[in-house]
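# Analysis of the macromolecular model
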Amino acid sequence: MGLEGVEPSSFMADFLAGCGGYAVVDGGLATELERHGQDLNDHLWSAKCLISFPQLVRRVHLDYLEAGANVIISASYQATIQGFEAKGLSVEEAETLIKRSVEIACEAREIYLQRCAKGYWDFFDSPKIDRHPVLVAASVGSYGAYLADGSEYSGNYGASMTLETLKEFHRRRLQILANSGADLIAFETIPNKLEAQAYVELLKEENIDIPAWFSFSSTDGTNVVSGDPIIECANIADSCSQVVAVGINCTPPRLIHGLILSIRKVTNKPVIIYPNSGETYNGETKQWEKTRGETEEDFVSYVGKWRDAGACLFGGCCRTTPNTIRAISRVLFDKSS
Ligand code: MET
Ligand SMILES: [Zn+2]
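All figures in this text were calculated on a predicted structure; none of them were measured in a lab.

Summing up its helical and strand segments, the protein chain has 14 helices and 10 strands in all. For the protein chain, whose C-alpha radius of gyration is 18 Å, the value lies close to the compact-globule estimate of 20 Å for 337 residues. Once the C-alpha set of the protein chain is aligned to its principal axes, its extents read approximately 55 × 45 × 40 Å. Burial statistics for the protein chain: of 337 residues in total, 58% are counted as buried. Counting only contacts in the protein chain whose residues sit at least 6 apart along the sequence, the fraction spanning at least 24 positions is 77%. Only carbon and sulfur atoms are counted for the fraction: they give 47% of the accessible area of the protein chain, which is about 13500 Å². Positive and negative side-chain charges in the protein chain, numbering 31 and 44 respectively, have mean positions lying 3 Å apart.

To continue, consider the pairing of strand S10 (residues 311-314). Relative to S10, strand S1 (residues 23-24) runs parallel, the two being bridged by two bridges. Its bridge partner being in S10, Val24 is matched across the sheet by Phe314. Relative to S10, strand S7 (residues 271-274) runs parallel, the two being bridged by three bridges. Looking across to S10, one finds that Ile272 is bridged to Leu313.

To continue, consider the packing of helix H4 (residues 54-66) against helix H6 (residues 91-118). In the contact formed by H4 and H6, the axes pass within 9 Å of each other and the chain directions differ by 45°. Viewed along their axes, H4 and H6 adopt a mutual orientation that is oblique. Handedness of the crossing formed by H4 with H6: right-handed. In this structure, H4 uses Pro54, Val57, Arg58, His61, Leu62, Leu65 and Glu66 to contact H6, whose residues at the interface are Arg100, Ile104, Ala105, Glu107, Ala108, Arg109, Ile111, Tyr112 and Arg115.

A few words now on the coordination of the zinc ion (ligand 2). Here the zinc ion (ligand 2) is held by Cys250 (SG), Cys317 (SG) and Cys318 (SG), and the distances to it run 2.2 to 2.4 Å. Classification of the site at the zinc ion (ligand 2) as tetrahedral follows from its four donor atoms and the range of 93 to 130° in their angles at the metal. One chain supplies every donor to the zinc ion (ligand 2), and in sequence these donors are spaced C-x66-C-C. The class of Cys317 is buried, set by a relative accessible area of 10%.

Moving on: the nonpolar core. For soluble globular proteins, the rule of thumb is that nonpolar side chains tend to be buried together. Counting 111 residues, the largest nonpolar core has Phe187, Trp213, Phe214, Phe216 and Leu313 as its most contacted members. Among the elements that make up this core, the one with the highest residue count is H6 (10 residues). Not counting residues up to four positions away in its chain, the partners in contact with Phe187 are Val140, Leu174, Tyr199, Leu203, Ala212, Trp213, Phe214 and Ser215. Formed by six residues, the second largest nonpolar core is a distinct cluster that contains Tyr143, Tyr157, Leu166 and Ala198.

This part is about the site of ligand 1. All residues in the neighbourhood of ligand 1 are listed as Gly28, Leu29, Ala30, Trp45, Tyr77, Glu152, Tyr153, Glu188, Thr189, Cys250, Cys317 and Cys318. Between ligand 1 and the protein, one listed contact pairs an oxygen atom with a backbone N or O atom of Leu29 at 2.8 Å. At 3.1 Å from an oxygen atom of ligand 1 is found a main-chain nitrogen or oxygen belonging to Ala30. Protein contacts shield 97% of the accessible area of ligand 1, which totals 310 Å² for the unbound molecule. Residue composition of the shell around ligand 1, grouped by class: eight nonpolar, two polar and two charged.

Turning our eyes to something else, we now look at the UniProt feature "binding site: Zn(2+)" (unreviewed entry) in the protein chain. With numbering aligned to this structure, UniProt lists the feature "binding site: Zn(2+)" (unreviewed entry) at Cys250, Cys317 and Cys318. The greatest C-alpha distance among the annotated residues, which extend across 69 residues, is 6.2 Å, indicating that they converge on a single site. Inspection of the secondary structure assignment puts Cys317 in the loop between S10 and helix H14 (322-333). With residues up to four places along the chain from it excluded, the contact list for Cys317 reads Gly27, Gly28, Asn249, Cys250, Tyr274, Pro275 and Asn276. Position of Cys318 among the secondary structure elements: in the loop between S10 and H14. If we skip the residues at most four places from it in the chain, Cys318 touches Gly28, Thr31, Trp45, Cys250, Asn276, Ser277 and Trp288.

Rules and cut-offs
- Along each chain, residue indices are assigned from 1 in the same order as the chain's sequence is written.
- Written order determines the labels here, with chains lettered from A and ligands numbered from 1.
- Thresholds applied to this predicted model are a pLDDT of at least 70 for local features of residues and 80 or more for the giving and counting of side-chain atom pairs; totals over whole chains, interfaces and linings are not thresholded and use all residues.
- Think of the side-chain values as coming from all heavy atoms in the structure, minus any hydrogens and water.
- Here a strand is any run of E in DSSP of at least two residues, a helix any run of H or I of at least four, and the numbering for each starts at the N terminus.
- As a reference, a globule follows 2.2 Å times the number of residues to the power 0.38, and the radius of gyration itself is taken over C-alpha atoms.
- To sort residues, take the accessible area from a 1.4 Å probe on protein chains only and compare it with the maximum for the residue type: under 20% means buried, over 50% means exposed, and anything in between is partly exposed.
- For this analysis, residues touch if any pair of their heavy atoms sits within 4.5 Å.
- Surface exposure here means Shrake-Rupley accessible area, sampled with a 1.4 Å probe, where a residue is shielded only by the protein chains that are shown.
- Charge assignment in this entry is limited to Lys and Arg as positive and Asp and Glu as negative, and neither His nor the chain termini are counted.
- One atom stands in for each charge, and that atom is NZ of Lys, CZ of Arg, CG of Asp or CD of Glu.
- Here, a strand pair is defined by DSSP locating no fewer than two bridges between the strands.
- Under this scheme, a helix contributes an axis fitted over its contacting stretch, all axes are lines through C-alpha atoms, and angles between N-to-C directions fall in the 0 to 180 degree range.
- Roughly parallel means an angle under 35 degrees; roughly antiparallel, over 145; roughly perpendicular, 65 to 115; everything else is oblique.
- It is the rotation of the near helix from the far one that decides the hand of a crossing: anticlockwise by less than a right angle makes it left-handed, clockwise makes it right-handed.
- Here a donor is an N, O or S atom found within 2.8 Å of the metal, or within 3.2 Å if the metal is Na, K or Ca; sites may look incomplete because water is not among the atoms.
- Geometry is assigned from the angles between donors: four donors with all angles from 85 to 135 degrees make a tetrahedral site, four or six donors whose opposite pairs exceed 155 degrees while the rest stay between 65 and 115 make square planar or octahedral sites respectively, and everything else is labelled irregular.
- The set of buried Ala, Val, Leu, Ile, Met, Phe, Trp, Tyr and Cys residues whose side-chain atoms join them within 4.5 Å is what this entry labels a nonpolar core.
- The nearness test applies per residue and asks whether one of its heavy atoms lies within 4 Å of the molecule or strand.
- Under the rule applied, a polar contact is a pair of N or O atoms within 3.5 Å (in protein, one hydrogen donor and one hydrogen acceptor; residues adjacent in sequence only if both atoms are side-chain atoms).
- Three classes are used, and their members are as follows: Ala, Val, Leu, Ile, Met, Phe, Trp, Tyr, Cys and Pro are nonpolar, Asp, Glu, Lys and Arg are charged, and the others, Gly among them, are polar.
- UniProt positions are given in the numbering used here, feature names are shortened, and annotations may be inferred rather than shown by experiment.

Here you go:
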């Protein structure tokens with residue numbers, strides 16, 4: 001199926017065509033930094049690494065590119081001016097770090113493309129990789145991700161939360177990311193309708209001139225984490241002409257198929273999915289817990305089914321690794337090695 005029946009904007013259509021019909025998105029960033037030994041048990045999460053170990057952030061982006069990713073997502077998910085200020089940084093320093101997150105991803109792309117041009121990989125006898133188009137997506141995490149109090153996974157911001165408050169929270173970072181050299185904005189792990197609406201209005205009010213994707217998360221396969229129906233959320237994304245893909249991230253693989261079908265009922269925009277490993281994050285203990293024993297093999301065995309259901313962009317979220325991405329790439333492009 002793939003692109004059949006889908007009318008993406010020319011931006012996404014051209015990109016997908018250049019990738020061979022489907023695109024591979026990277027895998028978990030913060031959890032991969034943790035796997036490399038970083039202690040990110042902090043309100044800033046992956047953004048902490050922008051300060052303490054930017055070379056590692058670049059290395060992980062590069063690992064994902066080598067694994068076959070066509071899209072890498074910047075380490076700005078939890079990088080907010082308000083969060084950096086709370087750590088004692090000035091507004092100027094915070095803004096520089098947010099911009100830097102995209103620059104680091106662009107540097108990784110540059111290194112990768114240079115290596116491809118030089119045939120570096122053949123020389124080192126690494127798995128052969130084709131030169132492929134690469135986009136840098138600037139990550140925007142939710143207000144709940146900034147709060148780092150679990151509301152990222154409940155979508156519950158309290159009765160007094162308003163659209164205007166959310167817009168003001170996100171406005172400045174979005175302006176910075178839109179002018180950072182990123183190809184598009186990745187609004188990730190959106191937990192409720194209100195925040196999706198805030199993003200739509202901000203894209204318009206701020207005349208953001210790069211495209212965006214909207215990606216929601218779910219724990220029941222029908223609603224996003226707040227309980228708002230995925231269909232209503234996808235409708236909001238569909239209403240915005242700058243949105244070039246709509247989908248799901250940081251959600252267990254077993255729920256993805258049904259969610260793709262729901263999203264496709266209300267939009268013809270390309271569907272993006274990048275599930276987590278199937279483990280569950282416990283906000284209190286701040287640990288990932290095994291749930292139904294989903295393994296990497298299970299994850300990858302779903303990919304063909306997700307493609308048949310109409311998804312066009314495939315990657316991984318928390319606790320997935322470059323190995324997951326390599327396997328997705330093999331399934332999609334039928335690579336023998
Ligand atoms: C909680 S979802 C996190 C998404 C982010 N792009 C990351 O991988 O770190
Ligand atoms: Zn995640």
